[in-house]
Amino acid sequence: MPYRHYLLGEDQKSLLDRLVSQFTLAEESHGSLALVYLDTFDWRLHQADLRLVEEDLCGKARIDLRHVDGTLLASGDFPAKVFAWDFPPGSLRQALEPLIEMRALLPVARLGGRRDLYAVLDRREKTVARIEFLAPQVRGNEDNRQALPPRLLVHSLKGFAPEARRLADFLEGPCGLTRSETGLFDESLAALGRRPGDYSSKINHGLTPALPAGQALRQVLRQLFTTLLANQPGVETALDSEFLHDFRVAVRRTRTALAQLKNVLPAREVEAFRKEFAWLGSITSPARDLDVYLLDFPRFQGFLPPEARADLIPFRHFLQRHQRTEYQRLVKHLQSSRFRALVCRWRDFLEQPGGLEETADGMKPIDQVADRRIWKIYRRVLREGQAIGPQSPPAELHELRKTCKKFRYLMEFFQSLYPAEDIGRLIKALKGLQDNLGAYQDLHVQVETLGRFSREMVAEGDTPAETLLALGRLVEGLDRRQAEVREEFSERFARFAREENQRLCRTLFKSSSPEQA
Amino acid sequence: MKVLASYNIKGGVGKTAAAVNLAWLSARGGHRTLVWDLDPQGAATYYFRVKAKVKGGGRGLVSGRRALDDLIKATDFANLDLLPADFSYRSLDLLLEQEKKPTRRLRKILKPLAEHYDVLLLDCPPSISLVSEAVFFAADALLVPVIPTTLSLRTLDQLFDFRARQQLDDLAILPFFSMVDRRKGLHREIVEQLPAQRVEMLKTPIPYASEVERMGLEKAPLGRFAARCGAAAAFESLWDEVAARLNIGNP
């Protein structure tokens, strides 16, 4: 970020003349501007107050990661890569990896136009500040260009703050320029009809307690539908694994909302949509499973001694091959008339569900309905969890896991109805339990599936014996880990079900509804 | 953060030229780099066109009353900052002596910089003193320019002995030939034979070149005004060696 940012009314030439009368300027570069702002689809860099910019400086690529206050955190003299792991080892990769994880870096705004850069020198001919004249153009995806107002940027240099201030005073005083508070990044996005952070998979609706449940539920479902559609293009082009993940979460949340609040919307339609969303869940499973195996691949290798890790590589190729096939299948489903019909019908239904008056809960205030449903599912979590002992079969843990997900989704849908700190604490406590259950279930399934994959690899032929051996060792490792995770369950559950949390749940969900026993 | 010190007991061996040019290359390679000009003569500071003055002087720095970060100046180059020299650095020995554990002091002062920089290059004054001892404790590696003469090699031996006596096993000593004049028979002979006998020696010799002398006139690193000259290319390959030896850029 520059020290100061001014939109220019007068022409560049006369302003330059005025500057030269007071300061020593040296031309640093003249020419075209070519820069690209990058971020992940879910704005992870923006959320962390960072900007990643790829610039073309006279044919040489340069990439800078800066804090929004302008501090340079890391840079490289190469073009941007798609994934953090594609970057060469170094500070840029180190900074990006924990933030963007498995997400792809996508261009969020491309800028062209003209740029003239001048150094402001002191009497030692040392650069003490820089000024940049920009006549930027934002480029949209279809290569249409939109000119932004010309501007002047003042860049300060570390240790030379008084010099930058003197320059700014001159520009704002005798030259009469007015500071602009929005930056190039925000303006470029605005020109593209976007704003930073305009996508998030998180849900939080500003619901009011007295809102009729039917309306509140539609609001929730509409947002989930928006999320689902926003991720569809990313799924179809397989940009990264998280588009499908977010797509599936939106589907699962929709299904939970429809099932858990079934007396709110007209039953007949809800029944039909539940069937269609179940279908959507099932057609997206195989591709997601393979995504997960590929994301877990480095972890799988970690289960093996270093000398055996390379033996797993053919397994990765197998996964990649199948992942491609499953994605192709999925894309066909998403282009099918069944999916298109679901989208159209669902959109219409969310606009005009009709018959809310005839449902049992549609016109009731949402806080009552939410209290009742959350309290009910919470008690189910307790009941199922308390019934699990050291000998309980995996299926019981899986059942509890599913119930926990429903509990979590319901709390998230309706979190705005409860004090933020309380609901946040409960969600966090539940997350601790869910992490354990999720890890257990994943390991359980992986142990079984890896056996199946081994057989399929043999059937497909050409699998080295070392790879099958390594897979066998991996299964042993996962098995051991599964036992450890299972051991941890009782402690995790006890922590979640402790009296303090129970009291909180009673206070939040039980007291207000007269219908609750 | 990797701490490198350009150091030699003797003066006039190309220490500052090495510190400035290697720092420039480090910065160009994307590493956030800081040069601390510890030499009161302030040659590195001069090359970067910065005034050789530090608020509070050496005393403020050593006592920890002044935060290092507030005294740092950006150079004209991206990723490359400078902590300027100050005339008071000539009595840095005395100032260190007043502190508890004087040899560990510098290391402590540098610690907070690790958050902002990947590479720190100390341009050290020529001597063996408390300051150099403190540098040895703070640095990961000493870059030692050596003019290929018998006497220079003797001082290099003294340095290795010193490291052994102080049990500074983690300190890498990376000597390299500096100001090599290919017209001189002795230079040629030593440059050709010595690296085979000393494994720690870096392979790239830096030639004696008029462009390096011109750094004083141009007040800039070679890359700025003579990027294509032989000496610039030599520094580039020397930097590649240093980065590879010290695993810079491979966390």
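Residue numbers here run from 1 along each chain, matching the order of that chain's written sequence. Throughout, the order in which chains and ligands are written sets their labels, letters from A for the former and numbers from 1 for the latter. With the structure being a predicted model, the display of local features is reserved for residues of pLDDT at least 70 and the display and counting of side-chain atom pairs for 80 or more, all residues being used for whole-chain, interface and lining totals. Hydrogens and water molecules were not included; the side-chain quantities draw on all heavy atoms of the structure.

**Q** So what's going on with the packing of aromatic side chains? Which residues, and what values?
**A** Residues and elements named next belong to chain A. Here the aromatic set is Phe, Tyr and Trp, taking the six-membered ring for Trp, and pairing holds for ring centres within 6.5 Å; pairs whose planes are under 30 degrees apart are stacked, those over 60 apart are edge-to-face, and all others are tilted. In total, this model carries 30 aromatic pairs over all chains according to the counting rule given. Cluster of aromatic residues (ring-pair linked, three or more members): Tyr293, Phe297, Phe300, Phe315, Phe318 and Phe453. For a lysine, the NZ atom is tested; for an arginine, the CZ atom; a charge sits over a ring if that atom is within 6 Å of the ring centre and within 35 degrees of the ring normal. Directly above the ring of Tyr3 sits Arg4, whose terminal nitrogen or CZ lies 4.4 Å from the centroid. Lying across the ring of Phe243, Arg103 places its NZ or CZ 4.6 Å from the centre.

**Q** Any details on the domain arrangement of chain A? Residues and values, ideally.
**A** Residues and elements named next belong to chain A. The assigned domain composition of chain A is domain 1 (4–191) and domain 2 (213–510). Each of domain 1 and domain 2 has a C-alpha centre, and these two points are 41 Å apart. Opposite the six residues of domain 1 that make contact, domain 2 presents nine residues. Accessible surface is computed with a 1.4 Å probe, and the buried area is the amount of it that two parts give up when combined, taken over both parts together. Interface of domain 1 and domain 2: buried area, both sides summed, is about 640 Å²; carbon and sulfur atoms make up 66% of it. One side-chain nitrogen of Lys or Arg within 4 Å of one carboxyl oxygen of Asp or Glu is enough to make a salt bridge. Across the domain 1-domain 2 interface, the total number found is one salt bridge. A salt bridge links Arg103 to Asp240; its shortest N-O distance comes to 3.1 Å. Counting of polar contacts relies on pairs of N or O atoms within 3.5 Å, with two restrictions inside protein: one atom must be capable of donating a hydrogen and the other of accepting it, and residues adjacent in sequence are counted only when both atoms are side-chain atoms. In this structure, the connection of domain 1 to domain 2 is made through two residue pairs in polar contact (both at pLDDT 80 or more). Domain ranges listed in this record stem from an automatic or a database domain assignment. Two residues qualify as a contact provided that any one of their heavy atoms is within 4.5 Å of a heavy atom in the partner residue.

**Q** Describe the interface of chain A and chain B, with residues and values.
**A** If you look at the interface, chain A gives 19 residues, while chain B gives 22 residues. Summing both sides of the interface, chain A and chain B together bury roughly 1,700 Å²; the carbon and sulfur share of this comes to 44%. By the criterion of area lost to chain B, the three top residues of chain A are Arg124, Lys126 and Lys158 of chain A, representing 36% of everything that side buries. Counting every contact that joins chain A to chain B gives two salt bridges. Our enumeration of links across chain A and chain B arrives at 11 residue pairs in polar contact (both at pLDDT 80 or more). Only DSSP runs of H or I covering at least 4 residues are called helices, and only runs of E covering at least 2 are called strands; the numbering of each starts at the N terminus. Those elements that provide at least two residues to the side of chain A that touches chain B are strand S6 (72–76), helix H3 (91–100) and strand S8 (127–139) of chain A. Looking at the side of chain A that touches chain B residue by residue, the classes come out as six nonpolar, six polar and seven charged. Each residue gets one label: Ala, Val, Leu, Ile, Met, Phe, Trp, Tyr, Cys and Pro are nonpolar, Asp, Glu, Lys and Arg are charged, and the others, such as Gly, are polar.

**Q** How would you explain the nonpolar core if you had to name every residue and give the values?
**A** As used here, the term nonpolar core means buried Ala, Val, Leu, Ile, Met, Phe, Trp, Tyr and Cys residues forming a set that is joined through side-chain atoms within 4.5 Å. Residue burial is assigned from relative accessible area. The probe radius is 1.4 Å, only protein chains are included, and a residue is buried under 20% of its type maximum, exposed over 50%, and partly exposed in between. Membership of the largest hydrophobic core comes to 118 residues, with the highest contact counts inside it found for Leu280, Phe315, Trp346, Phe407, Phe414, Phe496 and Phe509 of chain A. Here this core spans two domains, since at least three of its residues come from each of domain 1 (4–191) and domain 2 (213–510) of chain A. Ranked by size, the runner-up nonpolar core spans 51 residues in total, among them Ala85, Leu106, Phe160 and Leu168 of chain B.

**Q** So what's going on with the packing of helix H1 (residues 12–22) of chain A against helix H4 (residues 161–172) of chain A? Which residues, and what values?
**A** Between two packed helices, the angle of one axis relative to the other and the distance separating the axes together describe the packing. Residue and element names in this part refer to chain A. Two elements in contact, H1 and H4, have axes separated by 11 Å at closest approach and are oriented at 135°. The orientation of H1 relative to H4 falls into the category oblique. The crossing of H1 and H4 is right-handed. Contacts between H1 and H4 involve Leu15, Arg18, Leu19 and Gln22 on the former and, on the latter, Arg166, Leu167, Phe170 and Leu171. Note on method: axes are straight lines fitted to C-alpha atoms, helices fitted across the in-contact stretch only, with angles between N-to-C directions ranging 0 to 180 degrees. Here the word oblique covers every angle except those under 35 degrees (roughly parallel), over 145 (roughly antiparallel) and from 65 to 115 (roughly perpendicular). Crossing handedness follows the turn of the near helix against the far one: under a right angle anticlockwise gives a left-handed crossing, and clockwise gives a right-handed one.

**Q** Which residues make up H3 of chain A, and what are the values?
**A** Residue and element names in this part refer to chain A. By the burial criterion, the buried members of H3 are Ser91, Leu92, Leu96 and Ile100. All buried residues of H3 lie within an arc of 125° about the axis, which places them on one face of the element. Looking one or two places after H3, you find Glu101, whose phi comes out positive at around 45°. The arc in question is traced by the directions running from the helix axis to the C-beta atoms.

**Q** A description of H1 of chain A should follow, citing residues and the corresponding values.
**A** The α-helix winds at 3.6 residues per turn, so residues separated by three or four positions along the chain end up facing the same way. All names here are of chain A. Buried within H1 we find Leu15, Leu16 and Leu19. Considered in projection along H1, the buried side chains sweep an arc of 100° and stay on one side of the axis. Seen from the buried face of H1, the exposed residues on the opposite side, beyond 90 degrees, are Lys13, Val20 and Ser21. Of the surrounding secondary structure, the elements contacted by the buried residues of H1 are strand S2 (24–32), strand S7 (106–121), S8, strand S10 (151–156) and H4.

**Q** Explain the pattern of salt bridges to me, using residue names and the numbers behind them.
**A** All names here are of chain A. A complete count under the given rule lists 43 salt bridges over all chains for this structure. One salt bridge in this structure joins Arg115 and Glu132, with 2.6 Å as the shortest N-O distance. Of this pair, Arg115 sits in strand S7 while Glu132 sits in strand S8, placing them 17 residues apart in sequence. For the pair Arg115 and Glu132, one class covers both residues: buried. The partner of Glu187 in a salt bridge is Arg151, and the shortest N-O contact between them spans 2.8 Å. Of this pair, Glu187 sits in helix H5 (residues 184–191) while Arg151 sits in strand S10, placing them 36 residues apart in sequence. Across the pair, Arg151 and Glu187 agree in class, each one buried. Several salt bridges share partner residues, and in doing so they unite Asp42, Arg44, Glu101, Arg103 and Asp240 into one network.

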